[in-house]
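Coordinates in review
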Amino acid sequence: MERTPLGRLAQIYRTFTKNYRDLDKEAAAESEMTDGAPIYHSDQEQLDKDWDWSSNIMDTLDDLPPGIGQYDDFHTIDWLRDIARDRMRHRHIVKKRQEGCWEQVKGAHDAWSGWVCVLLVGVAAGTCAGIIDIGSSWMSDLKEGVCLEAFWFNREQCCWSGPSLNSTSMNEDSDCDQWYSWGRMMGSGAGGAGSYIIGYLFYILWALLFGVLAALLVRMFAPYACGSGIPEIKTILSGFIIRGYLGKWTLLIKSLGMMLSVAAGLSLGKEGPFVHVACCCGNIFSYLFPKYGRNEAKKREVLSAAAAAGVSVAFGAPIGGVLFSLEEVSYYFPLKTLWRSFFCALIAAFILRSINPFGNDHLVMFSIDYNEPWTLQELIPFILIGALGGLFGKFFIKFNIMWCRYRKMSRLGNYPIFEVLGIVFITALLSYPNPYTRMNSSELIRLLVSRCGPEDDTEICDYKRSSNITDPFKWSALAGAGVGSAVWKLALALIFKMIITIFTFGIKIPAGLFIPSMAVGSIIGRIVGIGVEQLVVNNANSVFFSNICESQGKCIITPGLYAMVGAAAALGGVTRMTVSLVVIMFELTGGLEYIVPMMAAAMTSKWVGDALGRESIYDAHIALNGYPYLDHKEEFTHTTIAADVMRPRYWRYGTGVRNDPPLAVITQDSMTVEETESLLRNTEHNGFPVVVSRESQYLVGFVLRRDLNLAIANARKTSEGVVSNSIIYFTGHVPVDPNGPAPLKLRKILDMAPVTITDQTPMETVVEMFRKLGLRQTLVTHNGRLLGIITKKDVLRHIAQLRNQDPESILFN
């Protein structure tokens, strides 16, 4: 019969123990049981019986106390242990299939439960996104007026529903008959000073109301609902436990808070928090399937698919969502997770499309309807826009982290609601006078990436077009006075949004960063595009522009394309995304012809940003919060070894001189319940190595603190005869002493195959082991004897120390 991997490990361990007996018979003799029965039996059948536990481990897992194998809050999971448990569970199911039809049905249910789970997550994510989009759109328009005949309609829907529509332009001076601005409601004439002042006051009051409601909901019901959530999602997907961060209350308050914060007119977006909302759905539905609900490593496969669904509903980009999950947030992404992520993103996009929240038969609010070609010379301004996006990303990350650090260290952090009110008031006060800051950021992006058509009478489309040219709106023309005015207003909007977003991202309300970054980039791109357009038009006869301009001075430059490229560049500079960013922008706008310009801008943005600092905004916030996150993209190039990092540390190796307390260990067959409980009270370690004896220090296994606490507490309640002086055994053979207290058998909770390294292992190898295997800790040995331990927190502190950073900034393990 073929041995299982765990059986193979047992065989290796038996070989090790045999060699150990030959090399150190004296230590083996000291570790005999109290009744004289040795640990290392000469009877091979008895040894196989003791060690061949892999075949029936699933039966014993059901007998363990509840909570065994789980993790405490703010701790890291053991990926290897959880994946091994799932594989043993799967073998158990396969074995049970031979026992009857019912077991075959249970096996089939286990096989397709993953697909059912991601199906439910996709449906839930799409439904939540549709509701949030509709609610935020209605609340945003409520700041400027109301539809009297159907108050639940936003401005666009209200004007569509009525028979009398004065103009397609949505300016206050050209309201449709059904839409009443607040100045009109108060009896003031349209376009007058009184109407402007009334509208200004109502704009500020509604913004303050929405802002304080969002802050109060987060403060009172779900503190984890603030921010974008992507830094924490990245940390959770790397194996960190944050209880309640993906709970039902967080889902509810995050959804309501997103609508309120976007409606308040703040420089933030709801697209980033969609990832958090979708992951909340994934976490909730995973508990319907024990395969995922009881295994933290398996649950993260569902969360990776949910993150893809979040981006899918945010931008209408299912393929981009899968790539975003793979490139940016996921830590463990096997092939089956790729398929399920695609399926989940597809279902979410389909549900959102069925709801049709924007009422325009599109998944997104801004899709382009032009396909004018671009030329090789335009790569120069595209690359320039990419460089500006990288500079903006570095500027934003640096000053936002400075402000967030100041908030944490000062008294300002004790008054989050007042901070929100202050930011809302300043934003509303300064946004209203400028029409490009007053409008919603998504509407601003849609305006900037679009081209000027025959029906557009806005100032940004005020060109001196010749009526002699067929389809004059296809060709570039000299700018009129309106375009110059629009450029100045856009420049002021750019400065305002760059500054106010620094103070907005990080306040205690749901706040995303995708749309504000894209708005800043689209303003930069539109300004550059208008500049390039006028340069070409005024030099139409130049040889350099011969392939751009045709005869009679007909030139084709599309400023909306530059705005699209600028949006990609700014978002890439802040998040440092590349492949997923280009795919998201392609799906977002439908601009198949413009993939190369977006790729050039995205890569330039990343190169410039990485040259000034390699951290993305999410990585910077992870470091600011002290989360234990090991980035795959960073390289460890130092020459330290495991002995330099392990605990306890030695001043002089081999001399026994230490600068740390001795390593806390548990012996396999000589410690009482009282001694073990005393060890648990006096230490804060997450786990303890189990050794043969304190003298020999040969490693037997590793036991988690939580499992040990639960097992002892359960034994005192349920097992008769277990008292304080009962001996705890981690061995397969337990001696029977009729005159003594009942022994406590805890071999089932012992990890008998912990990952070990030698003290001379290079730290480069150790770091790669923690990254690639998802280790929680590794034990350090020397000549087979236990020497120390290295945890993930130790590795992160060591990396921080080598970067001349404060190692105490790593707050969690």
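A brief report on the enclosed structure follows. From a predicted model like this one, the values you see are computed outputs, not experimental measurements.

1. Here we look at the packing of helix 24 (residues 579-589) against helix 25 (residues 595-612)
In contact at an axis separation of 10 Å, helix 24 and helix 25 are set at 145° when each is read in the N-to-C sense. The chirality of how helix 24 crosses helix 25 is right-handed. The residues of helix 25 that touch helix 24, namely those facing Leu581, Val582, Met585 and Phe586, are Ile595, Met598, Met599 and Ala602. When the residues that make up the contact of helix 24 with helix 25 are grouped by side-chain class, the tally is eight nonpolar, no polar and no charged.

2. Some thoughts on the sheet that holds strand 9 (residues 699-704)
In spatial order, the strands read 7-8-9; together these three strands make up an open sheet with mixed pairing. This sheet does not close on itself; its edge strands, each paired only once, are strand 7 (666-667) and strand 9. Pairing of strand 7 with strand 8 (residues 687-691) involves two bridges; the strand directions are parallel. What sits directly across from isoleucine 666, in strand 8, is valine 690.

3. Some words on helix 24
Side chains of residues three or four places apart in an α-helix project in the same direction, reflecting 3.6 residues per turn. Within helix 24, nine of the eleven residues are buried, leaving the element largely enclosed by the surrounding structure. Listed in full, the buried residues belonging to helix 24 are Ser580, Leu581, Val582, Val583, Ile584, Met585, Glu587, Leu588 and Thr589. Of the surrounding elements, those touching the buried residues of helix 24 are helix 14 (296-315), helix 15 (318-329), helix 22 (514-538), helix 23 (559-575) and helix 25. Of the residues one or two after helix 24, glycine 590 is the one with positive phi, at around 75°.

4. Looking at the pairing of strand 13 (residues 777-782)
Of all the six residues making up strand 13, five are buried; the element is thus mostly covered by neighbouring parts of the structure. With three bridges connecting them, strand 12 (residues 756-758) and strand 13 associate as parallel partners. Bridging from a neighbouring strand, threonine 756 pairs with leucine 779 of strand 13. Each parallel crossover has a hand, and the one from strand 12 via helix 29 (residues 763-773) to strand 13 is right-handed. Of the strand pairs in this sheet, strand 13 and strand 14 (residues 785-791) are connected by six bridges, and their pairing is antiparallel. Residue pairing across strands places histidine 782 opposite arginine 785, the latter belonging to strand 14. Hairpin connection between strand 13 and strand 14: a loop of two residues separates the two successive antiparallel strands, and asparagine 783 in this loop has a positive phi of roughly 55°.

5. Quick notes on the side chain of glutamine 70
By the element assignment, glutamine 70 lies in the loop between helix 4 (57-61) and helix 5 (79-96). At a separation of 3.3 Å, a polar atom in the side chain of glutamine 70 contacts the main-chain carbonyl oxygen of arginine 294. Here glutamine 70 is in contact with Arg294, Glu296, Arg706 and Asp707, once residues within four sequence places are set aside.

6. A few points about the state of the cysteines
Cysteine pairs can be covalently joined through their sulfur atoms, and such a bond is termed a disulfide. Counting across every chain of the model gives two disulfides. At a sulfur-sulfur separation of 2.1 Å, the disulfide partner of cysteine 452 is cysteine 461. Classification of the bridge connecting cysteine 452 and cysteine 461 rests on its S-S torsion, roughly -85°, and on that basis the disulfide is left-handed. The two residues cysteine 452 and cysteine 461 agree in class, both being buried. The residue that forms a disulfide with cysteine 549 is cysteine 555, at a sulfur-sulfur distance of 1.9 Å. Between cysteine 549 and cysteine 555, the S-S torsion sits near 105°, and that sign places the bridge as right-handed. Classification of cysteine 549 as buried rests on a relative accessible area of 7%. In this structure cysteine 344 is not part of a disulfide, and its nearest cysteine sulfur, from cysteine 117, lies 8.5 Å away. Judged by relative accessible area, which is 0%, cysteine 344 ranks as buried.

Basis of the calculations
Residues numbered from 1 in each chain as written. Predicted model: local features only at pLDDT ≥ 70, side-chain atom pairs only at ≥ 80, totals over all residues. Heavy atoms only, no water. Axes fitted to C-alpha atoms, helices over the stretch in contact; angles between N-to-C directions. Helix = DSSP H or I, 4+ residues; strand = E, 2+ residues; numbered from the N terminus. Left-handed = near helix turned anticlockwise from the far one by under 90°. Contact = heavy atoms within 4.5 Å. Nonpolar A, V, L, I, M, F, W, Y, C, P; charged D, E, K, R; others polar. Pairing = 2+ DSSP bridges. Buried < 20%, exposed > 50% of the residue type's maximum accessible area, 1.4 Å probe, protein only. Right-handed = clockwise from strand over helix to strand, strands pointing away. Polar contact = N/O pair within 3.5 Å; in protein donor to acceptor, adjacent residues only side chain to side chain. Disulfide = S-S within 2.5 Å.

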